[in-house]
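Observations on chain architecture
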Amino acid sequence: MTTFKRPLRVLLAKLGMDTHTVGVTVIGHALREAGMEVIFTGLKQTPEMVCAAAVQEDVDVVGISTLSAGHTRSLPKLARLLREAGAGDKLLVAGGVIPEEDKPILEQAGVDRIFTMGSDTRDIVAYLESWWAQRLAEDAA
Amino acid sequence: MMQRAADVANRLLAGEVAAGARAIRWLDDRDPRGPEVLAAVYPQTGRAQVVGVTGPPGAGKSTLTDTLVTEWRKRGQRVAVIAVDPSSPFTGGAILGDRVRMSRHALDPGVFIRSLGTRGQAGGLSRSTHDACLVFDAMGYDIILVETVGVGQDEIDVVNLAHTTVIIAVPGLGDEIQAVKAGLMEAGDIFVVNKADRDGYDATHRQMELMLHLRAQTVTDQRWHVPLLRAVAAKGEGADAIVDAIAAHRAWLDGHGDFISRSRMRAREQVLSLVRDALADRAVSISGDAIMHRVETRQLDPYAAAEQIVATLSGKSAAA
Ligand code: B12
Ligand SMILES: Nc1nc2c(ncn2[C@@H]2O[C@H](COP(=O)(O)OP(=O)(O)OP(=O)(O)O)[C@@H](O)[C@H]2O)c(=O)[nH]1
Ligand SMILES: [Mg+2]
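What you are looking at is a predicted structure, and each value in this text was computed from that prediction instead of being measured. Each chain carries its own residue numbering, running from 1 in the direction its sequence is written. Chain labels run from A onward and ligand labels from 1 onward, assigned in the order the entries are written. The predicted origin of the model limits local features to residues at a pLDDT of at least 70 and limits the giving and counting of side-chain atom pairs to 80 or more, whereas totals for whole chains, interfaces and linings rest on all residues. Values reported for side chains reflect all heavy atoms of the structure, with hydrogen atoms and water molecules removed beforehand.

1. Points about the overall build of chain B
Across its full length, chain B carries eleven helices and eight strands. All radius of gyration figures rest on C-alpha atoms, and the globule criterion is 2.2 Å times the number of residues raised to 0.38. In terms of C-alpha radius of gyration, chain B reaches 21 Å, essentially the compact-globule figure of 20 Å for 320 residues. Dimensions of chain B, computed from the C-alpha atoms along their principal axes, are close to 60 × 50 × 40 Å. Residue pairs in contact within chain B that sit at least 24 positions apart in sequence constitute 75% of those at least 6 positions apart. For accessible areas, the Shrake-Rupley method is used with a probe of radius 1.4 Å. Any residue's cover is judged against the shown protein chains and nothing else. About 14800 Å² of surface is accessible on chain B, with carbon and sulfur atoms providing 54% of the total. Here a helix means four or more residues in a row that DSSP labels H or I, a strand means two or more in a row labelled E, and each is numbered from the N terminus. Here, residues are in contact when the closest pair of their heavy atoms is within 4.5 Å.

Right, dumping it as C-alpha cells:
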C-alpha cells in the first residue's frame, strides 16, 4: 500500500516590466509554509510564457502578482491562453495593485479570485486549501 | 473529469507536452495511474542520454543548465530539464526556483522544463526523478538534464541515474576541498569550474587538477579521460566545450558498451529502490505498533525486531 499524496502545486509569476517582488515573495513563502509546492517563473514573463510553464509544470493554480498596471490586458489574455491550451481547469488568481473598477473586467475574463494590498496571507492559504479540497473531492467522485 | 492512463500514455508517446506533464505529476504524487502509464510507455525508452548536473548550492547549476540547453538547441537536440529543489522537511512545501534562470527557453517547443521537490527523499533527487526521466525518454527527448539539489557531502544519487555526471565547483568556497567534496570527486565524468570570472579561479582549478590526478591513480577504471573545464555560466562562456565533452562521453559510453551497462545499472537501482519502498511500506503495515512498542519499551532490540518483521513478510509472501 503506497501513500497517495497530492500537494497543491502553484505557479507564481510576474508579467511585463513590473519589478515589485515583495508581494510575490511573501506569498511564495506563505504557501510553502502551508505545505504547497511553489514554482517561480521569475520576472518579465509574457502570458505565453506563463501558460507554457503552467502546462509543463502541471500546476493546479496559476498566481499572478501585478503592481504596475497592464493587468487588464495581460490577465484576460493569460486566461484565454490557458483555456486554449486545455488548462482552463487550473485556478487563476491575482494579487497586487488592482483598482476596484478593474476587478469585474478581470473576473469576467476568467480570473477566479483577486487579493489586493493588505490581504492576509492566511486568508489566501485558506482559500486555496478549500478550493483544493473541493477539487480533490470532485476528482474522487 | 477523470483522465485515463491509457489516453495519457498514447498522447505522451505522440509528444504532447500536457500529457507528459500529467504523467510526471501522477508519478510524483504516487497516483496509481502513474505506474500504469509507465508500463505502457516503458518499451519506448532507452534512447535518451541522461546528464546529471550537480554541485554545491549556488554554484551556478541552473545558469549553466540554461547555457547548455542553448548550445544543444543550436545543435538541433531536443532537451528536457528536471530541476530538483529541496522540500521542507517540516511542512512538505517547497519553493522551486530553478526555472527562473531558464526563462529564455520557455517558448521553445524543443525544450521541456519540469521542477520537482525532493518530497522527503535524501540524496539530492526526488523519488520520482527516475520516473520523470523515463517519461521524457518515451517522449523522444534526446537529452535529459537533471539538476540536483545543491549538494553538500555525498548526496550523489544522481550518479546512479545519469549516464554522464557533470560536477560543478566554484572558487571561493574555502581553500580546502570545500569546492568539491571527496565523494563527488570519485563520481564525476566531467568537471567544471564555474564562475571563472571570480577571484580564486586559478587556485580552485589547480586544486581540482590535483584531485583528479589523485583520482586517476586510485580509480582502476581509467579508460575515460575525465576533463576539467572552465565556465562563466552567467556570460554563456564554456557551454560549447561542455556540450562537446558530454557528447564525447556519450560516444565513449556507446563505444565501450557502457551506455547499456549504465542503463542496466540504473534500471536495477530503480527496481531495487521500489522493492525497498514497497517492503518498507508493507513492513510498517504488517508489524503495526505492537513490535515498535516493544522496541520503544526496551523489550526487544531493533535487530531482533527487524528480523521478526522480515520473517513475517517472507511468511506472507510464501503463503500468497
Ligand atoms: C516598495 C515599492 C516599490 C519598490 C519595489 C522594490 C521591490 N523589489 O519590490 C521600488 C522602489 C523599486 C518601486 C518602484 C516603482 N514603483 Co512602486 N511601490 C512600492 C510600494 C511602496 C510597496 C509595494 C510592496 O512591496 N508592498 C508590500 C507587499 C507585501 O504587498 P503587495 O505586493 O501588494 O502584496 C500583497 C497583496 O497585493 C497580495 N498579492 C500580491 N501579489 C500576489 C499574488 C498572488 C498570486 C496572490 C494570491 C496575492 C498577491 O498579497 C500580498 C500580501 O497581502 C507600492 C505602494 C503600495 N502601497 O503598494 C508602490 C507602487 C506599487 N509603485 C508604484 C510605481 C508607480 C512604481 C514605479 C513606476 C515608480 C517610478 N515612477 O519609478 C517604479 C516601477 C517599478 C517597476 N518597473 O515595476 C505604484 C504603482 C501604481 C499603479 N500600479 O498604478 C505604487 C502603487 C505606488 C503609488 N501609489 O503610486 N516600488
Ligand atoms: N560571477 C558569476 N556568477 C555566476 C556565474 N554563474 C552563475 N552565477 C550566479 O550565481 C548565482 C546562483 O546561480 P544559480 O544558477 O541559481 O545556482 P544553482 O547552483 O542553480 O543554485 P541552487 O539551485 O540554489 O543550488 C546567480 O546569482 C548567478 O547569476 C558565473 O559564471 N559567474
Ligand atoms: Mg538551481
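2. Details of helix α2 (residues 17–29) of chain B
All names here are of chain B. A helix is expected to span 1.5 Å multiplied by its residue count minus one. The terminal C-alpha atoms of α2 lie 18 Å apart, and with 13 residues this matches the ideal 18 Å at 1.5 Å per residue to within 8%. Counting buried residues along α2, ten of its 13 residues qualify, which places the element largely inside the surrounding structure. R30 sits one or two residues past α2 and shows a positive phi near 60°. Remark: exposure states derive from per-residue accessible area (1.4 Å probe, protein chains only) relative to the maximum for the residue type, with buried under 20%, exposed over 50%, and partly exposed in between.

3. A word on the sheet that holds strand β2 (residues 37–40) of chain A
What makes two strands pair is DSSP finding at least two bridges between them. If you trace the six strands from one edge of the open sheet to the other, you get β5(A)-β4(A)-β3(A)-β1(A)-β2(A)-β3(B), paired in parallel fashion. Only two strands of the sheet have a single partner each, and these edge strands are β5 (113–116) of chain A together with β3 (94–96) of chain B. Pairwise comparison of adjacent strand axes, ignoring direction, gives a mean angle of 20° for this sheet. By the bridge criterion, four bridges tie strand β4 (residues 91–96) of chain A to β5 of chain A in an arrangement that is parallel. Each bridged residue has a counterpart across the sheet, and for G96 of chain A the counterpart in β5 of chain A is T116 of chain A. Sheet strands touched by helix α2 (residues 47–57) of chain A: β1 (9–13), β2 and β3 (61–66) of chain A. Its angle to β1 of chain A, the strand with the most contacts, is close to 160°. Orientation is described by axes fitted as lines to C-alpha atoms, over the contacting stretch for helices, and by angles from 0 to 180 degrees between their N-to-C directions. The strands touched by helix α3 (residues 71–84) of chain A are β3 and β4 of chain A; relative to β3 of chain A, the strand with the most contacts, the crossing angle is about 170°.

4. A word on helix α9 (residues 239–255) of chain B
Residues and elements named next belong to chain B. Taking 1.5 Å of rise per residue, 17 residues should cover 24 Å, and α9 covers 24 Å from first to last C-alpha, within 8% of that figure. Residues of α9 that are buried: A239, I242, V243, A245, I246, H249, W252 and L253. One or two residues past the end of α9 sits G257, with phi positive at roughly 70°.

5. Some remarks on the pairing of strand β7 (residues 190–193) of chain B
Residues and elements named next belong to chain B. Burial of the side chains of β7 extends over both faces: I190 and V192 are buried on one face and F191 and V193 on the other. Pairing of strand β6 (residues 164–169) with β7, which is carried by four bridges, proceeds in the parallel orientation. Counterpart to V166 in the pairing with β7 is I190. Sheet topology note: the β7/strand β8 (residues 228–230) ladder contains three bridges and is parallel. Residue pairing for β8: V192 is matched across the bridge by L229.

6. Considering the site of ligand 2
Residues and elements named next belong to chain B. Not every one of the 18 residues close to ligand 2 is listed here, only the nearest: K61, S62, T63, R101 and D197. A distance of 3.1 Å separates an oxygen atom of ligand 2 from a polar atom in the backbone of G58. Here a polar contact is taken to be a pair of N or O atoms separated by no more than 3.5 Å, where protein atoms must pair a possible hydrogen donor with a possible acceptor and residues adjacent in sequence count only if both atoms sit in side chains. Taking A59, its main chain carries an N or O atom lying 3.1 Å from an oxygen atom of ligand 2. Summarising the interface, the protein chains cover 75% of the accessible area of ligand 2, which totals 650 Å² for the free molecule. We call a residue near a molecule or strand whenever a single non-hydrogen atom of that residue lies within 4 Å of it.

7. A word on the coordination of the cobalt atom of ligand 1
Put simply, a metal with four donors set out as a tetrahedron has ideal angles of 109.5 degrees, and one with six donors set out as an octahedron has ideal angles of 90 or 180 degrees. Each metal's donors comprise the N, O and S atoms found within 2.8 Å of it (within 3.2 Å for Na, K or Ca). Water is not part of the atom list, so some coordination spheres may appear incomplete. You will see that the cobalt atom of ligand 1 has only one donor from the protein, H20 of chain A (NE2), lying 2.2 Å away. With respect to the helices and strands, H20 of chain A occurs in the loop between β1 and α1 (22–33).

8. Quick notes on the coordination of the magnesium ion (ligand 3)
Residue and element names in this part refer to chain B. With distances of 2.1 to 2.2 Å, the protein atoms coordinating the magnesium ion (ligand 3) are S62 (OG), D98 (OD) and E147 (OE). Between consecutive donors of the magnesium ion (ligand 3), the numbers of intervening residues give the motif S-x35-D-x48-E. Placement of S62 in helix α4 (residues 61–74) and of E147 in strand β5 (residues 143–147) is noted, with a sequence separation of 85 residues between them.

9. Things to note about the interface of chain B and chain A
Contacts between the two partners involve 32 residues from chain B, matched on the other side by 34 residues from chain A. Carbon and sulfur atoms make up 47% of the surface buried where chain B meets chain A, a total of about 2900 Å² over both sides. The three residues of chain B that bury the most area against chain A are R25, I95 and R99 of chain B, which together make up 22% of that side's buried surface. For salt bridges, the criterion is a side-chain nitrogen of Lys or Arg within 4 Å of an Asp or Glu carboxyl oxygen. There are six salt bridges connecting chain B and chain A. The salt bridge partner of E57 of chain A is R114 of chain B, with a shortest N-O separation of 3.9 Å. Summed over the shared surface of chain B and chain A, the result is 18 residue pairs in polar contact (both at pLDDT 80 or more). When residues of the side of chain B that touches chain A are traced back to their parent elements, those giving at least two are α2, β3 and β4 (111–117) of chain B. Of all the elements, α2 of chain B adds the most residues to the side of chain B that touches chain A, at seven residues. Grouping the constituent residues of the side of chain B that touches chain A by class yields 14 nonpolar, eight polar and ten charged. Across three bridges, β2 of chain A lies against β3 of chain B in parallel orientation. Note that in β3 of chain B the partner of I39 of chain A across the bridge is L96 of chain B. The quantity reported as buried area is the accessible area (1.4 Å probe) lost by two parts once they are put together, taken as the sum for both. Residues are grouped as follows: Ala, Val, Leu, Ile, Met, Phe, Trp, Tyr, Cys and Pro are nonpolar; Asp, Glu, Lys and Arg are charged; every other residue, Gly included, is polar.

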